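# Structural description and commentary
The residues making up each chain are set out below.
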Amino acid sequence: MANTERTFIEIKLDGVQCGLVGVIIKRFEQKGFCLVAMKFLRASEDHLKQHYIDLKDCPFFPGLVKYMNSGPVMAMEHHSWQ
């Protein structure tokens, strides 16, 4: 049985707004990733602060959280077979 590696991929809101979701998914699939789950969501401010915690001391952190909270993203789980 082959080993699998799970990967989280997020298409940020500018990619969603520009209609690039299908193009981006196709690129990952062409690289051998198998899409197993995906969902449009709008992350809460608390979730974003935790997700980007390693950037919390950067001057752009508040703007990043505000921007990422301003619209939907596409969250996906891909598997690659090794």
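What comes next is a walk through the structure. These numbers come from a predicted model, not from an experiment.

Cut-offs used in this document
- Residues numbered from 1 in each chain as written.
- Predicted model: local features only at pLDDT ≥ 70, side-chain atom pairs only at ≥ 80, totals over all residues.
- Heavy atoms only, no water.
- Phe/Tyr/Trp six-rings, centres within 6.5 Å; stacked < 30°, edge-to-face > 60°.
- Salt bridge = Lys/Arg side-chain N within 4 Å of Asp/Glu carboxyl O.
- Helix = DSSP H or I, 4+ residues; strand = E, 2+ residues; numbered from the N terminus.
- Buried < 20%, exposed > 50% of the residue type's maximum accessible area, 1.4 Å probe, protein only.
- Polar contact = N/O pair within 3.5 Å; in protein donor to acceptor, adjacent residues only side chain to side chain.
- Contact = heavy atoms within 4.5 Å.
- Core = buried A, V, L, I, M, F, W, Y, C linked by side-chain atoms within 4.5 Å.

Moving on: the packing of aromatic side chains. Think of a pair of aromatic rings as described by two things: how far the centres are apart, and how the planes are tilted against each other in angle. Using the criterion set out here, one finds 1 aromatic pair in the structure. Relative to F33, the ring of F28 has its centre 5.6 Å away and its plane inclined at 85 degrees; by these criteria the two rings are edge-to-face.

To continue, consider the pattern of salt bridges. Under the defined criterion, the tally for this structure stands at 3 salt bridges. Between E77 and R6 there is a salt bridge, with its nearest N and O atoms 3.2 Å apart. Highlighted residues: E77 in strand 3 (residues 73–81) and R6 in strand 1 (residues 4–11), separated in sequence by 71 residues. D57 serves as the salt-bridge partner of K56, at 3.6 Å between the closest nitrogen and oxygen. Residue class for K56 comes out partly exposed when judged on its relative accessible area of 47%.

Time to look at the side chain of H79. Along the polypeptide, H79 turns up in strand 3. Of note is the side chain of H79, whose polar atom sits 3.0 Å from the side chain of E77. Once residues lying within four places of it in the same chain are set aside, the contact partners of H79 are E5, R6, G32, F33, C34 and V36.

Generally speaking, a soluble globular protein has its nonpolar side chains buried in company with each other. Membership of the largest hydrophobic core is limited to 9 residues, which are L13, A43, L48, Y52, F61, L64, V65, M68 and V73. By residue number, the principal contributor to this core is helix 4 (residues 61–68), which donates 4 residues. Residues in contact with M68, not counting those within four places in the same chain, are E10, K12, L13, L48, Y52 and V73. In terms of nonpolar packing, the next biggest core, distinct from the first, is built from 7 residues, I9, V16, M74 and M76 among them.

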